[in-house]
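Single-letter residue listing:
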Amino acid sequence: MSEGVTRRGFLGTAAAAAATANIRANLAAAADGMRSHTVRPIVISSANGLETVTEAARKIRDGGDTLDAVIAGVNIVEADPNDHSVGYGGLPNEDGVVELDASVMHGPTHNCGSVAALRNIMHPSRVAKLVMERTDHVMIVGQGALRFAKAHGLREKDLLTDDARRIWMKWKESHSDRDDWLAPQKPPGDTRKRSDAAATKTEFTYGTIHCSALSAAGDLSAVTTTSGLSYKIPGRVGDSPIIGAGMYVDNEIGAAGSTGRGEAVIKHCGAFAVVELMRGGLSPTDACLTLLKRIANHTTDPRLLDDRRRPRFDVKMYALNKSGEFGAASIWSGGRFAVHVNGESRVESCSYLFKRD
Ligand code: ASP
């Protein structure tokens, strides 16, 4: 084969590959585009937000502001003791104390607020909004955030439910056999060693709710609220309360948010980057996938990679643009998100980078 043929062959393959990539991108854009001829409000959230999107859409239809609406929506999950990733019932830090992070952003005013490592207040999203409206600041953390919340009349509550305490205790007693925490005694007749008899090793878990909304008037707002990484080092702050990482809105372009490994999202200014990618012309789904590819390509620490050099963790990005196109993507297949559109709420599958075996 001559060099020319090889070169032509290569160029042909490259062109074909580029064409295929374009077709894929266009298909994703077309799928997102079809969604632009839809009835607003449009509200998207992480998969745990089916009730959230319904409530937020109802509020917007009743004439409410988009930010008040998404906050009312996530308040349902913040108050739910059975969601161990957000608010009351959230999994605690390594000392057994629930610490919450949240951020909000209001498209029409481009104003925002956030709180981090907030203890004892069930609705950190409300405190984030108070930071936005009642201070000249954007972010208040820790003890200062608690004092600020109390000054505004929010009541303290122990956020550690019995269920979350038991899950934390199981983690404490099973994550190392070189400390003094022991799993419960074996039941009579159980011949296994105590360490085998202990519950299976409990892994660190992520979990959060993000919610973005678009009104009929074309206004956007977003909120992200979480108890963050389970059993974290006290004071650890994830992406959720960081404007531009866990959530971002540009009222002329769109809104985006994230769930999953916050450290990876912070390093890529995740939500801001997705909004900027949409500004550059990408559909919401393609913008999310492009950001996730960046995260995967930049992940080089062997500790975080599997045997095929793929991230061992997951991140999900959610996006909604000004024309009503929406989408979400995850690093790993199996991700889902909730959406309210055309007057109905449903859960859809995320696009993804890698298929789970
Ligand atoms: N992103 C959150 C954090 O890192 C957790 C999550 O969404 O699962 O704190």
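Everything below is about the structure shown above.
Structural notes, computed from the coordinates. From a predicted model like this one, the values you see are computed outputs, not experimental measurements.

Okay, the environment of Ala216 next. Considering the arrangement of structural elements, one finds Ala216 in the loop between strand E5 (209-214) and strand E6 (220-226). For Ala216 and Pro41, which are 175 residues apart along the polypeptide, the C-alpha to C-alpha distance reads 5.7 Å.

Here is the key point about a regular strand: its side chains alternate between the two faces of the sheet. Taking burial as the measure, the seven residues of strand E8 (residues 254-260) include seven buried ones, the bulk of the element. Across the two faces of E8 the burial is the same, with Gly254, Ala256, Ser258 and Gly260 and Ala255, Gly257 and Thr259 all buried. For strand E7 (residues 247-250) and E8, the ladder comprises four bridges, and the chain directions are antiparallel. Bridged to Val249 within E8 is Ala255. Here E7 folds back onto E8, and the loop between the two strands holds three residues.

In the structure shown here, the tally under the stated rule is four aromatic pairs. Between Tyr248 and Phe272, the ring centres sit 5.1 Å apart and the planes meet at 80°, which makes this aromatic pair edge-to-face. With Tyr248 in strand E7 and Phe272 in helix H9 (residues 270-279), this pair connects stretches of sequence that are 24 residues apart. For Phe272, a relative accessible area of 36% translates into the label partly exposed. Taking 5.5 Å as the distance between ring centres and 45° as the angle between the ring planes, the aromatic pair formed by Trp332 and Phe354 counts as tilted. In this pair, Trp332 sits in strand E10 (residues 326-332) while Phe354 sits in strand E13 (residues 351-354), placing the two residues 22 residues apart along the sequence. Classification of Phe354 as partly exposed rests on a relative accessible area of 22%. Seen from the ring of Phe313, Arg261 lies directly overhead, with NZ or CZ sitting 5.3 Å from the centre. The lysine or arginine in question, Arg310, covers the ring of Phe354, its NZ or CZ lying 5.9 Å from the ring centre.

Through backbone hydrogen bonds, the strands of a sheet pair up, either in parallel or in antiparallel fashion. Sheet architecture is open: five strands sit in the order E7-E8-E9-E10-E13, paired in mixed fashion. Two strands close off the open sheet at either side, each with one partner strand: E7 and E13. Averaged over all adjacent pairs, the angle separating strand axes in this sheet is 15°, with direction ignored. Sheet strands in contact with H9 are E7, E8 and strand E9 (315-321), and its direction is about 140° off that of E8. Where helix H10 (residues 284-298) meets the sheet, it contacts E9, E10 and E13, and its direction lies at approximately 25° from that of E10.

Definitions and limits used
- Residues numbered from 1 in each chain as written.
- Predicted model: local features only at pLDDT ≥ 70, side-chain atom pairs only at ≥ 80, totals over all residues.
- Heavy atoms only, no water.
- Helix = DSSP H or I, 4+ residues; strand = E, 2+ residues; numbered from the N terminus.
- Buried < 20%, exposed > 50% of the residue type's maximum accessible area, 1.4 Å probe, protein only.
- Pairing = 2+ DSSP bridges.
- Phe/Tyr/Trp six-rings, centres within 6.5 Å; stacked < 30°, edge-to-face > 60°.
- Lys NZ or Arg CZ within 6 Å of the ring centre and 35° of its normal.
- Axes fitted to C-alpha atoms, helices over the stretch in contact; angles between N-to-C directions.
- Contact = heavy atoms within 4.5 Å.

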